[in-house]
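# Examining the three-dimensional arrangement
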Amino acid sequence: MKLNQSVLALAIAAALLTGCSSDDETATDFMDGTQGGTADASLSGYGDGSGISGSETYGSGSGSGYGSGSAEYPNAFLGSEFNDPSNPLSKSTIYFMYDSSQVQQDFIPVIAAHAQYLLSHPTRRLTLEGHADERGSSEYNIALGEQRAKSVARMMKVQGVSESQLQVVSYGEEKPSVDGHDESAHQLNRRVELLYQGQ
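These numbers come from a predicted model, not from an experiment.

### Here we look at the packing of helix α3 (residues 108–120) against helix α4 (residues 138–158)
- Between α3 and α4, whose axes approach to 9 Å, the crossing angle comes to 55°. Taken together, the axis directions place α3 and α4 in an arrangement best described as oblique. Both α3 and α4 take part in a crossing whose hand is right-handed. Mapping the contact onto sequence places Ile108, Ile111, His114, Ala115 and Leu118 in α3 and Val152, Met155 and Met156 in α4.
- For the contact of α3 with α4, the class distribution of residues is seven nonpolar, one polar and no charged.

Right under this line is the structure:
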């Protein structure tokens, strides 16, 4: 019941945040295409099955410096719920549509579950690593990765997660999840990885 309320609250927050302006006007310019990028494609293809859903893919972060999780479950050192594929906590990667920082509906339950975990474990810290595919300039991709990580952070803060529990980092295109230059590789590289800091 509590998780369902959290998911509903996050869905409402996501809808509200979509219409809100960014605190960082430069980043907003990057997202709306006025800095030479393409227009935000968050509505094109949204919900048409062309993206990656939270139910299809589990986390693929390296876990380096974050405990002893496996590549598939980088946060597994936190508890058994992080190893259970049916538990949203086992998912540690949020994927995005091309040129967008809007969180897709499929990932709202994943973000809500991690927010609830952080609320019940106030000493835990989470690093939100923003990434982009190889298209666009390095500067643009750093800004886009940061906006993606900030989108996830905002949704968690709406749930009551303390800012001190969250760290936003952007790697842009520098750390691809998979090598390749086609759309299947690009889909996997447009992401935010949720990595808990080790004990």
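### Thoughts on the sheet that holds strand β2 (residues 126–131)
- Spatially, four strands are ordered β1-β4-β2-β3 in an open sheet, and the strand pairing comes out mixed. The outermost strands of the open sheet, each flanked by one partner alone, are β1 (93–95) and β3 (166–172). Within the sheet, the average angular offset between the axes of one strand and its neighbour, ignoring direction, is 20°.
- Running over the sheet, α3 touches β1, β2, β3 and β4 (191–196) and is turned about 25° from β4.

### A word on the pattern of salt bridges
- Applying the stated criterion across every chain, the model contains seven salt bridges.
- Note that Arg190 is salt-bridged to Asp133, the shortest N-O span being 3.5 Å. Of this pair, Arg190 sits in the loop between α5 (183–189) and β4 while Asp133 sits in the loop between β2 and α4, placing them 57 residues apart in sequence.
- Arg190 sits in the buried class, given a relative accessible area of 4%.
- Take Asp133: its relative accessible area is 4%, and that puts it in the buried class.
- Residue Glu183 pairs with Arg190 through a salt bridge whose shortest N-O separation is 3.0 Å.
- A cluster of three or more residues bridged by salt bridges with shared partners is formed by Asp133, Arg135, Glu183 and Arg190.

### Some words on the packing of aromatic side chains
- With the rule as written, the count across this model stands at four aromatic pairs.
- Arranged with centres 5.7 Å apart and planes meeting at 80°, the rings of Phe82 and Tyr196 form a pair that is edge-to-face. One end of the pair, Phe82, is in the loop between α2 (25–32) and β1; the other, Tyr196, is in strand β4, and 114 residues separate them in sequence.
- Under the relative-accessibility criterion, Tyr196 is labelled buried at 0%.
- Taking 5.4 Å as the distance between ring centres and 80° as the angle between the ring planes, the aromatic pair formed by Tyr117 and Tyr196 counts as edge-to-face. Linking Tyr117 in helix α3 with Tyr196 in strand β4, this pair joins segments that are 79 residues apart in sequence. Accessibility classification places Tyr117 together with Tyr196 in one group, the buried group.
- Chaining the aromatic ring pairs together yields one cluster made of Phe82, Tyr117 and Tyr196.

### Thoughts on the pairing of β3
- Relative to β3, β2 runs parallel, the two being bridged by six bridges. Directly across from Gly130, in β3, lies its bridge partner Ser170.
- Each parallel crossover has a hand, and for β2 linked through α4 to β3 it is right-handed.

Criteria and cut-off values
- Residues numbered from 1 in each chain as written.
- Predicted model: local features only at pLDDT ≥ 70, side-chain atom pairs only at ≥ 80, totals over all residues.
- Heavy atoms only, no water.
- Axes fitted to C-alpha atoms, helices over the stretch in contact; angles between N-to-C directions.
- Helix = DSSP H or I, 4+ residues; strand = E, 2+ residues; numbered from the N terminus.
- Parallel < 35°, antiparallel > 145°, perpendicular 65-115°, else oblique.
- Left-handed = near helix turned anticlockwise from the far one by under 90°.
- Contact = heavy atoms within 4.5 Å.
- Nonpolar A, V, L, I, M, F, W, Y, C, P; charged D, E, K, R; others polar.
- Pairing = 2+ DSSP bridges.
- Salt bridge = Lys/Arg side-chain N within 4 Å of Asp/Glu carboxyl O.
- Buried < 20%, exposed > 50% of the residue type's maximum accessible area, 1.4 Å probe, protein only.
- Phe/Tyr/Trp six-rings, centres within 6.5 Å; stacked < 30°, edge-to-face > 60°.
- Right-handed = clockwise from strand over helix to strand, strands pointing away.

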